[in-house]
Amino acid sequence: SPAMRGIKSLVLTGCTRCGDGSMIAIGQAMQELESLEIELLSRVTDHGLQAIVRGCSAIAELNAGGCSHLSSVSTSLIADHCASRLRRLGLGGISSLTDIDLEEISRCKSLTWLDLRACPKLSDAGLKALGQLAERQMKAHAKWEEQRRTGVGGILKNAPGSPPTLTHLDLGG
């Protein structure tokens with residue numbers, strides 16, 4: 001990992017021999033990492049994911065679907081350390097995911113893409129939390145639109161880009 005400090009995107013999906021040790025090494029050495037795919041890594045636990053979200057301060061896309069040893073601790077860690085920058089999150093196939101986890105995930109205000117397919121413990125209560133996230137995002141977007149419309153010539157000078165809104169939600173299975 002130290003030799004790969006400049007890597008922005010890393011895909012380890014299906015590398016079944018990778019586990020917490022790999023995640024710790026990545027978290028320590030790859031602070032510039034923006035996108036990580038670790039789907040189907042059954043050796044990754046909350047400890048390994050903690051190293052990623054704490055060490056990779058630029059992470060904006062994380063796909064940990066099918067990492068069967070992740071628990072509620074991981075969703076709390078993700079929300080605590082990535083809430084303002086995480087755009088894409090994949091947790092599909094994690095059978096332990098609950099409505100409380102969705103409440104944590106709904107704190108990630110920059111989410112535009114969320115994969116929760118094949119998570120059998122999710123119910124209407126969890127989806128309500130996601131609905132509240134989408135509502136907050138839409139209010140921020142409406143406010144941004146209003147500011148753009150009322151600016152000089154209809155556009156504010158140096159206006160930041162449109163605020164993020166959830167546009168992809170996979171609840172299949």
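Above this text sits the structure in question.
Quick summary incoming for the structure in this document. (Residues numbered from 1 in each chain as written. Predicted model: local features only at pLDDT ≥ 70, side-chain atom pairs only at ≥ 80, totals over all residues. Heavy atoms only, no water.)

1. A closer look at unusual backbone geometry
Even without being glycine, leucine 40 reaches a positive phi, approximately 65°. Among the structural elements, leucine 40 can be located in the loop between β2 (35–37) and α2 (46–55). For leucine 40, a relative accessible area of 53% translates into the label exposed. A positive phi angle is found at alanine 118, which is not glycine, with a value near 60°. For alanine 118, the location among the structural elements is in the loop between β5 (113–115) and α5 (124–150). (Helix = DSSP H or I, 4+ residues; strand = E, 2+ residues; numbered from the N terminus. Buried < 20%, exposed > 50% of the residue type's maximum accessible area, 1.4 Å probe, protein only.)

2. Comments concerning the nonpolar core
Nonpolar side chains tend to gather and get buried jointly when the protein is soluble and globular. Among the nonpolar cores identified, the biggest contains 39 residues, and Ile26, Ile38, Leu89 and Leu116 are the most heavily contacted of them. Listing elements by their share of this core, those giving two or more residues are α1 (20–29), α2, α3 (72–82), α4 (99–105) and α5. (Core = buried A, V, L, I, M, F, W, Y, C linked by side-chain atoms within 4.5 Å.)

3. Quick look at the packing of α2 against α3
Contact geometry of α2 with α3 gives a least axis separation of 10 Å together with a crossing angle of 5°. With respect to their mutual orientation, α2 and α3 come out roughly parallel. Between α2, through Asp46, Leu49, Gln50, Val53 and Arg54, and α3, the contact on the second element is made entirely by Val73, Ser74, Leu77, Ile78, His81 and Cys82. Considering only residue class, the contact of α2 with α3 consists of six nonpolar, three polar and two charged. (Axes fitted to C-alpha atoms, helices over the stretch in contact; angles between N-to-C directions. Parallel < 35°, antiparallel > 145°, perpendicular 65-115°, else oblique. Contact = heavy atoms within 4.5 Å. Nonpolar A, V, L, I, M, F, W, Y, C, P; charged D, E, K, R; others polar.)

4. Observations regarding empty space enclosed by the protein
In the structure shown here, the tally under the stated rule is one cavity of 30 Å³ or more. Here the largest cavity defines a volume of roughly 30 Å³. Forming the walls of the largest cavity are Leu70, Ser71, Ser74, Thr75, Ile78, Leu91, Ile94 and Leu97. Of the residues contributing to the lining of the largest cavity, the split by class is five nonpolar, three polar and no charged. (1 Å grid on protein atoms, 1.4 Å probe; cavity = no way out; pocket = protein on both sides within 12 Å on 5 of 7 lines; lining within 4 Å. Points joined across faces, edges and corners; volume = space filled by probe spheres on them.)

5. So, the pattern of salt bridges
By the definition in use, this model includes eight salt bridges. Between glutamate 32 and lysine 8 there is a salt bridge, with its nearest N and O atoms 3.8 Å apart. With a gap of 24 residues between them, glutamate 32 in the loop between α1 and β2 and lysine 8 in the segment before β1 (9–11) connect regions that are remote in the sequence. Look at glutamate 32 and you get partly exposed, because its relative accessible area is 43%. Here lysine 139 and glutamate 135 are joined by a salt bridge, their closest N and O atoms 3.7 Å apart. (Salt bridge = Lys/Arg side-chain N within 4 Å of Asp/Glu carboxyl O.)

6. Describing a nonpolar patch on the surface
Taken together, the side chains of Leu127, Leu169 and Leu171 present a nonpolar region at the surface, about 220 Å² in accessible area. The class of leucine 127 is partly exposed, set by a relative accessible area of 34%. (Patch = residues over 30% accessible without salt bridge, like charges linked within 9 Å, V, L, I, M, F, W, Y side chains within 5 Å. Areas by Shrake-Rupley, 256 points an atom, 1.4 Å probe, with all protein chains shown as cover.)

7. Focus: the packing of aromatic side chains
Per the stated rule, a full pass over the model turns up zero aromatic pairs. The positively charged end of arginine 88 is found above the aromatic ring belonging to tryptophan 113, 3.9 Å away from the centroid. (Phe/Tyr/Trp six-rings, centres within 6.5 Å; stacked < 30°, edge-to-face > 60°. Lys NZ or Arg CZ within 6 Å of the ring centre and 35° of its normal.)

8. Some remarks on the sheet that holds strand β6 (residues 168–170)
Across a sheet, strands are paired by hydrogen bonds formed along the backbone, either parallel or antiparallel in direction. The six strands lie next to each other as β1-β2-β3-β4-β5-β6, forming an open sheet whose pairing is parallel. Both outer strands of the open sheet, β1 and β6, are each paired with one neighbouring strand and no more. Sheet twist, expressed as the mean angle between neighbouring strand axes with direction ignored, is 5°. Relative to strand β4 (residues 88–90), strand β3 (residues 61–63) runs parallel, the two sharing three bridges. Opposite leucine 62, over in β4, you have leucine 89 as the bridge partner. (Pairing = 2+ DSSP bridges.)

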